[in-house]
Amino acid sequence: MPDEEINSHFDKIVEWRYDFDKYKQFSTEINKMEQILLQHFSAMEWLPHPTLPAIATRFSPITLVGHPAVDTLIARLEPGGVIPRHTHPETCEIAYVLSAFGLLVEGEEGAETVCPLTEGCALFIPAGVPHRIENTSSQMMHIFAVHTRKVEANHA
């Protein structure tokens, strides 16, 4: 796939990433690929997250037929920064802390659980679970995350 075609797809998904109908259309287009697509996050620009203030992301929307991945990204959070409470109603989040340390606060307000996050820590957040992340360190926090579609069990 030529670079200009990859860039065109990336531009579309950044514009459409929160419009699920357009995202499904994009996913259908990109799923026609018949080769491996290698992307380097280090070559991507840091872009402001469209709905969560205080974080920047390097975002890759590529999905493949038969695989439930929605996107992968690296989030960057300043020292003392907070990713505000949010949920992913349609997707689960699997994340890995690449650098720094902080806190994961999960659950409904008033019934929250606080877990320490350290470099090398992996976490799984089910669809619909409210959560926020605080960078309590003096270093830039980097988190690699994969969002996957919630798949309903097939009860035969």
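Every chain is numbered on its own, with residues counted from 1 as its sequence reads. Predicted model: local features are reported for residues with pLDDT of at least 70 only, side-chain atom pairs are reported and counted for 80 or more only, and whole-chain, interface and lining totals are derived from all residues. Side-chain descriptors were evaluated using all non-hydrogen atoms of the structure, hydrogens and water having been removed beforehand.

### Description of the overall build of the chain
And step 1. Labels follow the DSSP assignment, with helices taken as runs of H or I lasting at least four residues and strands as runs of E lasting at least two, numbered in each case from the N terminus. Scanning the chain for helices and strands turns up two helices and 10 strands.
And step 2. Secondary structure elements of the chain, listed N to C terminal, follow the sequence α-α-β-β-β-β-β-β-β-β-β-β.
And step 3. Relative to its 156 residues, the chain shows a buried fraction of 38%.
And step 4. Should any heavy atoms of two residues lie within 4.5 Å, those residues are considered in contact. A sequence separation of at least 24 residues applies to 67% of the contacts in the chain between residues at least 6 apart.
And step 5. Summed over its atoms, the accessible surface of the chain is roughly 9200 Å², and 56% of this surface lies on carbon and sulfur atoms. A simple rule labels every residue: compare its accessible area, found with a 1.4 Å probe on the protein chains alone, to the largest value its type can have, and call it buried under 20%, exposed over 50%, or partly exposed in between. A 1.4 Å probe and the Shrake-Rupley method give the accessible areas. Residues count as covered only by the protein chains that appear here.

### Considering the environment of Gln-139
And step 1. Mapped onto the elements of the fold, Gln-139 is located in the loop between strand 9 (131–135) and strand 10 (141–149).
And step 2. The class for Gln-139 is partly exposed, based on a relative accessible area of 44%.
And step 3. The residues contacting Gln-139, other than those within four sequence positions of it, are Leu-77, Pro-79 and Ala-100.

### Looking at the pattern of salt bridges
And step 1. Should a side-chain nitrogen of Lys or Arg be within 4 Å of a carboxyl oxygen of Asp or Glu, the pair is scored as a salt bridge. Under the criterion given, the structure shown has three salt bridges.
And step 2. A salt bridge links Arg-132 to Glu-112; the shortest N-O distance between them is 3.3 Å. One end of the pair, Arg-132, is in strand 9; the other, Glu-112, is in the loop between strand 6 (102–106) and strand 7 (113–117), and 20 residues separate them in sequence.
And step 3. Arg-132 is the salt-bridge partner of Glu-134, the closest N and O atoms lying 3.0 Å from each other.

### Remarks on the sheet that holds strand 7
And step 1. The pairing criterion for strands is at least two bridges between them, as found by DSSP. Strand order in the open sheet made by the four strands is 4-9-6-7, with antiparallel pairing throughout. In this open sheet, the two edge strands, each paired with only one partner strand, are strand 4 (82–86) and strand 7. Sheet twist, expressed as the mean angle between neighbouring strand axes with direction ignored, is 15°.
And step 2. Sheet analysis places strand 6 next to strand 7, joined by five bridges and oriented antiparallel. Note that in strand 7 the partner of Leu-104 across the bridge is Cys-115. Fitted lines through C-alpha atoms serve as axes, helices being fitted only where they are in contact, and the angles separating the N-to-C directions of these axes extend from 0 to 180 degrees.

### Some thoughts on the state of the cysteines
Cysteine pairs can be covalently joined through their sulfur atoms, and such a bond is termed a disulfide.
And step 1. Any two cysteine sulfur atoms within 2.5 Å of one another count as a disulfide. Under the defined criterion, the tally for this structure stands at zero disulfides.
And step 2. Here Cys-121 stays unpaired: no disulfide links it, and the sulfur of Cys-115, its closest cysteine neighbor, is 8.4 Å away.

### What to know about the environment of Phe-101
And step 1. One can find Phe-101 in the loop between strand 5 (91–99) and strand 6.
And step 2. Separated by 34 residues in sequence, Phe-101 and Asn-135 place their C-alpha atoms 6.1 Å apart.
And step 3. Beyond its immediate stretch of four places on either side in the chain, Phe-101 contacts Leu-117, Thr-118, Glu-134, Asn-135, Thr-136, Ser-137 and Met-141.

### Some words on the pairing of strand 9
And step 1. Counting buried positions along strand 9 yields four of five residues, so the element is predominantly enclosed.
And step 2. Here three bridges tie strand 4 to strand 9, and the two strands are oriented antiparallel to one another. The residue bridging His-86 from the neighbouring strand is His-131, located in strand 9.
And step 3. In this sheet, strand 9 lies alongside strand 6 in antiparallel orientation, the contact comprising five bridges.

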